[in-house]
Amino acid sequence: EDQVTQSPEALRLQEGESSSLNCSYTVSGLRGLFWYRQDPGKGPEFLFTLYSAGEEKEKERLKATLTKKESFLHITAPKPEDSATYLCAVRRDTGRRALTFGSGTRLQVQP
Amino acid sequence: DVKVTQSSRYLVKRTGEKVFLECVQDMDHENMFWYRQDPGLGLRLIYFSYDVKMKEKGDIPEGYSVSREKKERFSLILESASTNQTSMYLCAIQGGTNEKLFFGSGTQLSVL
C-alpha cells in the first residue's frame, strides 16, 4: 500500500525566513512525485512533478528535491502570499493511475 | 487552460437524502477522479473512471457510487447521505505531459 507522510503539519514563518517541508513516501515503484499548493476553499493547484532521485525543480521561491525515500519543498525568503497548504502525492509505476496524497503542511508566513 | 467545473460550491443535505455531485471537464481527458478531503486525513480516493461507462473503486468507496455516461461528465452519488459524509469533495481530471491532476474548486457538503 502506498503511503505519504508530510511534516510538519503546520509551520509558521516570518517573512524572509527560509525553511523546508518534508514528504516521506513508500511506494512499490515510483512513477512520479507531485507537489500541489492549496488555498483555503479552493482545489489544489499543481506545482511540480519529480521523477527520479536527484531531480530538482524550481519555481520562484520554491524548490523541490527528491531522494529515494523523501522529497523536500524548500521555500526561500517566503512572502505572505506563499501562505497555503502544500500537498505531496505519489503515483506508482504500475497499475492504478490515481495519486496517493499526504495530509499536507499548512504554511503561514507573517509579515 | 484546463477547466474542471463542480456544480455546487456548498451543499447542505439531510441524513438519508440521495445526493448528486456533478463534475464536468472542458477537455477530452479520459481519466477522472473523485476525492474527499478531511482535516488531518488529506485527500482520499473514492472512485475513478478511465472511460465512459467505466468505473473503479478507490480506497473509500463505501456509501458512494458514480456514473459516467458521457466522457466530459463524472457524477458522484451518495445513495443515503450520512453525517460522516460531511466533507470537501474534489473532482479531478488527469492529463498533460506530467500526467498531473487538475482539480475543480470543490464542493463543501454538510449532512445534518
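Analysis parameters
Residues numbered from 1 in each chain as written. Chains lettered and ligands numbered in written order. Predicted model: local features only at pLDDT ≥ 70, side-chain atom pairs only at ≥ 80, totals over all residues. Heavy atoms only, no water. Salt bridge = Lys/Arg side-chain N within 4 Å of Asp/Glu carboxyl O. Helix = DSSP H or I, 4+ residues; strand = E, 2+ residues; numbered from the N terminus. Buried < 20%, exposed > 50% of the residue type's maximum accessible area, 1.4 Å probe, protein only. Polar contact = N/O pair within 3.5 Å; in protein donor to acceptor, adjacent residues only side chain to side chain. Contact = heavy atoms within 4.5 Å. Nonpolar A, V, L, I, M, F, W, Y, C, P; charged D, E, K, R; others polar. Core = buried A, V, L, I, M, F, W, Y, C linked by side-chain atoms within 4.5 Å. Disulfide = S-S within 2.5 Å. Pairing = 2+ DSSP bridges. Axes fitted to C-alpha atoms, helices over the stretch in contact; angles between N-to-C directions.

1. What about the pattern of salt bridges?
In step 1: Under the definition given, this model contains 13 salt bridges over all chains.
In step 2: Of the charged contacts in the structure, one is a salt bridge between Lys63 of chain A and Glu56 of chain A, with a shortest N-O distance of 3.3 Å.
In step 3: Between Lys18 of chain B and Glu79 of chain B there is a salt bridge, and its shortest N-O distance comes to 3.7 Å. Placement of the pair is Lys18 of chain B in the loop between strand S2 (10-13) and strand S3 (19-25) and Glu79 of chain B in the loop between strand S8 (73-78) and strand S9 (87-95), with a sequence separation of 61 residues.
In step 4: Through salt bridges with shared partners, a single network forms among Arg31 and Arg91 of chain A together with Glu99 of chain B.

2. A short note on the side chain of Arg37 of chain A
Residues and elements named next belong to chain A.
In step 1: Relative to the helices and strands, Arg37 resides in strand S4 (residues 30-38).
In step 2: Arg37 sits in the buried class, given a relative accessible area of 17%.
In step 3: A distance of 3.0 Å separates the side chain of Arg37 from the side chain of Asp39, its partner in a polar contact.
In step 4: Aside from chain neighbours lying at most four places away, what touches Arg37 is Gly43, Pro44, Glu45, Leu47, Glu81, Asp82, Ser83, Ala84, Thr85 and Tyr86.

3. Side note on the interface of chain B and chain A
In step 1: If you look at the interface, chain B gives 25 residues, while chain A gives 20 residues.
In step 2: A salt bridge links Arg91 of chain A to Glu99 of chain B; its shortest N-O distance comes to 3.1 Å.
In step 3: Counting every contact that joins chain B to chain A gives nine residue pairs in polar contact (both at pLDDT 80 or more).
In step 4: If you list the elements that add at least two residues to the side of chain B that touches chain A, you get strand S4 (32-38), strand S5 (42-49), S9 and strand S10 (100-103) of chain B.
In step 5: Top element by residues in the side of chain B that touches chain A is S5 of chain B. It accounts for four residues.
In step 6: Considering only residue class, the side of chain B that touches chain A consists of eleven nonpolar, ten polar and four charged.

4. Describing the nonpolar core
The nonpolar side chains of soluble globular proteins are, as a tendency, buried together.
Residue and element names in this part refer to chain A.
In step 1: Core analysis: the biggest nonpolar cluster contains 23 residues, and Leu33, Trp35, Leu73 and Tyr86 have the highest contact counts within it.
In step 2: Looking at this core, the elements that each hand over two or more residues are strand S2 (10-14), strand S3 (19-26), S4, strand S5 (45-50), strand S7 (62-66), strand S8 (70-75), strand S9 (84-92) and strand S11 (105-110).
In step 3: Per-element tally for this core: the top contributor is S9, with four residues.
In step 4: Sequence-distant contacts of Leu33, that is, excluding residues within four places in its chain, are made with Cys23, Tyr25, Phe48, Thr49, Leu50, Leu66, Ser71, Cys88, Ala89 and Val90.

5. Brief notes about the state of the cysteines
Residue and element names in this part refer to chain A.
In step 1: Tallied over the full model, the rule gives two disulfides over all chains.
In step 2: The residue that forms a disulfide with Cys23 is Cys88, at a sulfur-sulfur distance of 1.9 Å. Between Cys23 and Cys88, the S-S torsion sits near -65°, and that sign places the bridge as left-handed. Of this pair, Cys23 sits in strand S3 while Cys88 sits in strand S9, placing them 65 residues apart in sequence.

6. Structural notes on the sheet that holds S3 of chain A
All names here are of chain A.
In step 1: Read from one edge of the open sheet, five strands run S1-S3-S8-S7-S6, paired in antiparallel fashion. Edge positions in the sheet fall to strand S1 (3-7) and strand S6 (56-59), since each has one partner strand and no second. Neighbour-to-neighbour, the strand axes of the sheet open up by a mean angle of 15°, direction not taken into account.
In step 2: With five bridges connecting them, S1 and S3 associate as antiparallel partners. Of the residues in S3, the one forming a bridge with Gln3 is Thr26.

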